[in-house]
Amino acid sequence: MRLLLACLLLLITPVLMAQTFRASVLTGINLSQVDGDDLLGFHQPGFNGGLRVVALLSDKWRVGPEILYSQQGARRNKNSLNVSDFYAFRLQTVELPLMVYYKDWRLTAEGGLSYQRLIDYRISDFRRDDITGNFPLRDDLLAIKVGVTLYLTPRVGFNFRWSKHLTDLQVADEPRLRGRTISLRAVYTLGSGEELPAPPAVSE
């Protein structure tokens, strides 16, 4: 907890010291799955939220980190048949993405890499028995992320992000397990917000 607070302080401090930085609060949901577990579809919901700080490099380009709490994993869909031996993976991580952004009109495209620290997890089999001890997972993970944000107002936007692990979840070589996540989040930008195009003039 102290480490997280220190990271938040490091992210917020530049905003207080310079006008070329901008901070946003992020909150929303994850829809996740794990490749290699034979569980099909993005049926594991979870929370995704935290803080973003960006440096404004130009009118269009910016770069900056986020600090996020993110729930990921996979889950059997009760409405369909499945051959998997698993029922669910439930992962809790702290993420530190470093993202590059390109802004045009009301849209901002984004891409980058994320370090993820696994802080807790639970794995259950098709009988819903806890088998976590049989599948040790890595504490440190790396993921690639791409997405887009649509700004509805200078302060409020809607973010869509896709993420995939570059490292295997499991310590053992088999089976190879890598998570994929779709994030749907609200973005609230502090201060004056984003500069958006002026609405078209109404001719008289």
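Residues numbered from 1 in each chain as written. Predicted model: local features only at pLDDT ≥ 70, side-chain atom pairs only at ≥ 80, totals over all residues. Heavy atoms only, no water.

(A) Inspection of the pattern of salt bridges at higher detail. Under the criterion given, the structure shown has 17 salt bridges. Between Asp104 and Lys60 there is a salt bridge; the shortest N-O distance is 3.0 Å. Placement of Asp104 in strand β4 (residues 86-104) and of Lys60 in the loop between β2 (44-56) and β3 (61-75) is noted, with a sequence separation of 44 residues between them. The class of Asp104 is partly exposed, set by a relative accessible area of 41%. Overall, the relative accessible area of 32% leaves Lys60 in the partly exposed class. (Salt bridge = Lys/Arg side-chain N within 4 Å of Asp/Glu carboxyl O. Helix = DSSP H or I, 4+ residues; strand = E, 2+ residues; numbered from the N terminus. Buried < 20%, exposed > 50% of the residue type's maximum accessible area, 1.4 Å probe, protein only.)

(B) A look at a nonpolar patch on the surface. Taken together, the side chains of Val25, Trp105, Leu107, Val148, Leu150, Leu152, Val156, Phe158, Phe160, Tyr188 and Leu190 present a nonpolar region at the surface, about 950 Å² in accessible area. Among the elements that make up the nonpolar patch, the one with the highest residue count is strand β7 (residues 156-165) (3 residues). One can find Val148 in strand β6 (residues 140-151). When its relative accessible area of 33% is taken as the criterion, Val148 is described as partly exposed. (Patch = residues over 30% accessible without salt bridge, like charges linked within 9 Å, V, L, I, M, F, W, Y side chains within 5 Å. Areas by Shrake-Rupley, 256 points an atom, 1.4 Å probe, with all protein chains shown as cover.)

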